[in-house]
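Chain by chain, the residues run as shown.
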Amino acid sequence: MAQEDKTVVIAGAGSIGCYAGGCLSARRAPG
Amino acid sequence: MILLVRPRMEAALQGGLRITDLEGRNRSDPVGLAQNHTDPAAALPDADVILVTVKSGADAGDGRADQGHARPDAVVVSLQNGVDNADRLRAGVDGRTVLAGMVPFNVVQSPDGELPFARPPRQRRQGDDRDGDAGLARLLAVEGFAVEPHADMKAVLWGKLLMNLNNALVALSGLPLATEPCRSPLAADPGRPDRRGAASDEGI
């Protein structure tokens, strides 16, 4: 796939990666 | 790139997007470079790749409904937490390619809005390693945000789940994961100074 001619949609952008509690602890100090 | 977001997030992005990380990257996305939509019917028809990052509970409704707006050849990648989201998305569509992926870090929205999104450093997203997906990994990988194909995503997803069982202890103790292992019983063993290494030795 050529990067320049593909469209990527991120559905639900802004909430990626966090299990319950993870965001809270990351706000205190990333780890 | 198109961001399919909730109305609240669309409002937050009206001034553009700035992304930082702990390695010092600081990228600003001028308004208009990334398109923002709240309507799947507007966001999905042109998609070649759809990264699904909604919470698991939203799959049954939003996930399948969203895919109805996408082209049949659009590749869907579930980057959701949990171990069976890709399977459930796959079961809801006919013949569409649905892959599993894992993001090993949190994207944090700054509470004061000054640094809208940030992530910890030195970690890679991982995704299904299947025929033809090497091109997908190259497409998704950008500087500071590498993608690593993996042959056994179930194991990767279970690994993240096990690591995140620690979240409650982190939140309650106020000790970040980077600090906490130094105080753990495993850290007291000179032969195992790194609890993550010890966990890895046990196949986690």
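Here the structure is a predicted model, which is why all the values come from computation and not from measurement.

Tallying secondary structure elements over chain B gives eight helices and 10 strands in all. Across the 204 residues of chain B, 43% fall into the buried class. Relative to all contacts within chain B whose residues are 6 or more apart in sequence, the contacts with residues 24 or more apart total 56%. Split by element, the accessible area of chain B, about 10800 Å² in all, is 55% carbon and sulfur.

Further remarks concern the side chain of B:Asn85. Structurally, the position occupied by B:Asn85 is in helix 4 (residues 85–91). Among the polar contacts made by the side chain of B:Asn85, one reaches the main-chain carbonyl oxygen of B:Asn81 at a distance of 2.5 Å.

When you line up the elements, B:Lys160 lands in helix 6 (residues 153–164). Buried and without a salt bridge, B:Lys160 has B:Asp84 as its closest oppositely charged side chain, separated by 14 Å.

Residues and elements named next belong to chain B. With 12 residues, helix 6 should reach 16 Å at 1.5 Å per residue; the first-to-last C-alpha distance of 16 Å fits that figure. Of the positions making up helix 6, those classed as buried are Met153, Val156, Leu157, Gly159, Lys160 and Asn164. When helix 6 is viewed along its axis, its buried side chains cluster within an angular range of 155 degrees and face the same direction.

Attention shifts here to the confidence of the model for chain A. Scored by pLDDT, chain A has a mean of 62; 26% of the residues are at 70 or more. When the criterion is pLDDT under 50, residues 25–31 of chain A qualifies, and its contacts beyond four places in sequence or with other chains add up to 18 contacts.

Our next topic: the pattern of salt bridges. Residues and elements named next belong to chain B. Using the criterion set out here, one finds six salt bridges over all chains in the structure. A salt bridge links Arg71 to Asp73; the shortest N-O distance between them is 2.9 Å. Among the residues examined, Arg71 registers a relative accessible area of 27% and is labelled partly exposed. Residue Asp73 is classed as exposed on the basis of its relative accessible area, which comes to 54%. A salt bridge links Lys154 to Asp87; the shortest N-O distance between them is 2.8 Å. Separated by 67 residues along the polypeptide, Lys154 in helix 6 and Asp87 in helix 4 bring together distant segments of the chain. Judged by relative accessible area, which is 36%, Lys154 ranks as partly exposed.

Attention now goes to the environment of B:Leu157. All names here are of chain B. Examined against the element boundaries, Leu157 turns out to sit in helix 6. Spatially, the C-alpha atom of Leu157 lies 6.5 Å from that of Met102, the residues being 55 residues apart in sequence. Setting aside residues up to four positions removed in sequence, Leu157 forms contacts with Gln80, Gly82, Val83, Ala100, Gly101 and Met102.

About the cut-offs
Residues numbered from 1 in each chain as written. Chains lettered and ligands numbered in written order. Predicted model: local features only at pLDDT ≥ 70, side-chain atom pairs only at ≥ 80, totals over all residues. Heavy atoms only, no water. Helix = DSSP H or I, 4+ residues; strand = E, 2+ residues; numbered from the N terminus. Buried < 20%, exposed > 50% of the residue type's maximum accessible area, 1.4 Å probe, protein only. Contact = heavy atoms within 4.5 Å. Areas by Shrake-Rupley, 256 points an atom, 1.4 Å probe, with all protein chains shown as cover. Polar contact = N/O pair within 3.5 Å; in protein donor to acceptor, adjacent residues only side chain to side chain. Lys, Arg positive; Asp, Glu negative; His and termini not counted. Salt bridge = Lys/Arg side-chain N within 4 Å of Asp/Glu carboxyl O. Expected span 1.5 Å × (residues − 1). Arc of directions from axis to C-beta. pLDDT = per-residue confidence, 0-100.

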